[in-house]
Amino acid sequence: MNNSILNNIKKNILLASHKAKEGHVGSAFSILDILFVLYQSVMNYSKENMYDEDRDFLILSKGHASLAHAAILEYKNFINNTDLMQFCSHKGILGGHLSKNKVPGVEASTGSLGHGISMSVGLALAAKIKNLSNKIYVIVGDGECNEGTFWESMLLASNHNLDNLHCIIDYNRSNDRALKLDSMEEKLKAFGWQVTTIDGHSHEEITKSLISKTQKKPIAVIANTIKGKGIKQMENNPAWHHKAPSDEELSAMIEELS
């Protein structure tokens, strides 16, 4: 059932990208399973409670994967299909990076990599100060794990025992061509985090990692993923980091997902 739903969401992503002639489709497909599980079965977050103080929060630090977030928001009725198909259009609300001032359900206008985690630490610390029981989730890419702000934020989170904070690392290894981040699990443990490594496309493993009991530490989930997951010509292909499908490619990809 989930595969059918996800394939339809992927088709919408492809259609929106094709129409806009824009989009980081490979990155979107990399995190789609993670976003789907978060919205479907993990987070206490919906259109109905989106303004409540004690609901869960999600920050997509990997802002260039916005098509995945937009497509999930459409699936969960925060926005409509017309909004999604006006991606990167002057008359639409969806830019290449989603704006919290324009798009219902978006917590932060991310895009400058490495800063989503620091925003999330602030949210998690504020929730602790207010004695709220909600959870803060942030999705980061492996590339932004090169940023100094990322590691400074990780130290700050563990120092304050922010066990309400979950950092999900989309580890699709696209950054390996520039700078490898091997031994991520050991690094994160050394920074005082509770760490789990999972298959980032397994809904069972994603769910289990995000609802597991904490050790009074912030939780890091290293999600091993495939960039462009589900489309053979796109999978782990650097050419698809920022590219929209042509007419012929769109037709073939839609058929592959069918």
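Calculation criteria
- Residues numbered from 1 in each chain as written.
- Predicted model: local features only at pLDDT ≥ 70, side-chain atom pairs only at ≥ 80, totals over all residues.
- Heavy atoms only, no water.
- Salt bridge = Lys/Arg side-chain N within 4 Å of Asp/Glu carboxyl O.
- Buried < 20%, exposed > 50% of the residue type's maximum accessible area, 1.4 Å probe, protein only.
- Pairing = 2+ DSSP bridges.
- Helix = DSSP H or I, 4+ residues; strand = E, 2+ residues; numbered from the N terminus.
- Right-handed = clockwise from strand over helix to strand, strands pointing away.
- Core = buried A, V, L, I, M, F, W, Y, C linked by side-chain atoms within 4.5 Å.
- Contact = heavy atoms within 4.5 Å.
- 1 Å grid on protein atoms, 1.4 Å probe; cavity = no way out; pocket = protein on both sides within 12 Å on 5 of 7 lines; lining within 4 Å.
- Points joined across faces, edges and corners; volume = space filled by probe spheres on them.
- Nonpolar A, V, L, I, M, F, W, Y, C, P; charged D, E, K, R; others polar.

## Structural notes on the pattern of salt bridges
Move 1: Counted by the stated rule, this structure contains ten salt bridges.
Move 2: One salt bridge connects Glu235 with Lys232, and the closest N-O pair in it is separated by 3.9 Å.
Move 3: The exposure class of Lys232 is exposed, given its relative accessible area of 63%.
Move 4: Within this structure, Lys128, Asp163 and Lys216 form a network of salt bridges that share partners.

## Thoughts on the pairing of strand 4 (residues 194–199)
Move 1: Bridge analysis of strand 4 against strand 5 (residues 219–224) gives six bridges, and the strand direction is parallel. Across the sheet, Val195 pairs through a bridge with Ala220, a residue of strand 5.
Move 2: Handedness of the crossover joining strand 4 and strand 5 through helix 8 (residues 203–211) is recorded here as right-handed.

## Some points on the nonpolar core
Move 1: By size, the foremost hydrophobic cluster in this structure holds 54 residues, and its most contacted members are Ile13, Leu38, Tyr39 and Ile139.
Move 2: Element by element, the count of residues in this core is highest for helix 2 (residues 25–42), at twelve residues.
Move 3: Not counting residues up to four positions away in its chain, the partners in contact with Leu38 are Met43, Leu58, Tyr137, Ile139, Ile168 and Leu210.
Move 4: Counting 26 residues, the second-largest nonpolar core is a separate cluster that includes Phe57, Leu165, Ile169 and Leu188.

## Focus: empty space enclosed by the protein
Move 1: A complete count under the given rule lists one cavity of 30 Å³ or more for this structure.
Move 2: Of the pockets and cavities examined, the largest cavity occupies roughly 100 Å³.
Move 3: If you trace the largest cavity, you find it lined by Leu58, Ile59, Leu60, Gly63, Ser66, His69, His97, Leu98, Val106, Glu107, Ala108 and Thr110.
Move 4: When residues of the lining of the largest cavity are traced back to their parent elements, those giving at least two are strand 1 (57–60) and helix 3 (66–75).
Move 5: Considering every element that reaches the lining of the largest cavity, the biggest residue donor is strand 1, with three residues.
Move 6: Of the residues that constitute the lining of the largest cavity, the class distribution is six nonpolar, five polar and one charged.

Geometry only, nothing functional implied.
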